[in-house]
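Spelled out from the first residue to the last, the chains are:
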Amino acid sequence: MKEALGLIEVIGLTNGIVVADAMAKTANITIQDIEITKGCGYVTVKITGDVGAVNAAISSGKALAIKNDKFITSKVIPRPADVINKRFLKNTEVIDGKITNKKEEKNKKEENKKVEENKVKTNEKQIEAKFDKDKKNQ
């Protein structure tokens, strides 16, 4: 099942960060981007997750922004078309209906590769140590 896309627009970068923080603490969502729009000091926070989680997060972010008198608009798109994800969520891709960040995935792959290389080196050192031990015992 596809993830929902939530958008909330507020005035000011600081308010955008505060709203994003509140939304992340409210529900199990992923903050995809905090975009500074051109003009008027508007900031758009883009989140993804399950529909219920995104709705809850947007509601809490909206309440906080209204409280601070910085709310502009918000929208939840339950199952956005792939073209929407490609256009509005740069550096992301949809894998099995889940939106993933390409940079994070690349970093995870590189980290896993390093871990595997370290395992191989450790195994080689253990084999060498065992060989040296056996050689001394003979």
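In this report, the structure presented in the accompanying data block is examined. Since we're looking at a predicted model, the values are computed, not measured.

## Quick word on the packing of helix α1 (residues 13–26) against helix α2 (residues 51–67)
Orientation of α1 relative to α2, taken along the N-to-C sense of each, is 140 degrees, at an axis distance of 8 Å. α2 is crossed by α1, and the crossing has right-handed handedness. Counted together, V18, V19, A22, M23 and T26 of α1 and A56, A57, I58, S60, G61, L64 and A65 of α2 form the full contact between these two elements. In terms of residue class, the contact of α1 with α2 is built from 9 nonpolar, 3 polar and no charged.

## Some remarks on the pairing of strand β2 (residues 29–36)
In terms of strand pairing, β2 meets strand β3 (residues 42–49) through 7 bridges, oriented antiparallel. The residue of β3 that forms the bridge with I29 is G49.

Thresholds, definitions, all that
- Residues numbered from 1 in each chain as written.
- Predicted model: local features only at pLDDT ≥ 70, side-chain atom pairs only at ≥ 80, totals over all residues.
- Heavy atoms only, no water.
- Axes fitted to C-alpha atoms, helices over the stretch in contact; angles between N-to-C directions.
- Helix = DSSP H or I, 4+ residues; strand = E, 2+ residues; numbered from the N terminus.
- Left-handed = near helix turned anticlockwise from the far one by under 90°.
- Contact = heavy atoms within 4.5 Å.
- Nonpolar A, V, L, I, M, F, W, Y, C, P; charged D, E, K, R; others polar.
- Pairing = 2+ DSSP bridges.

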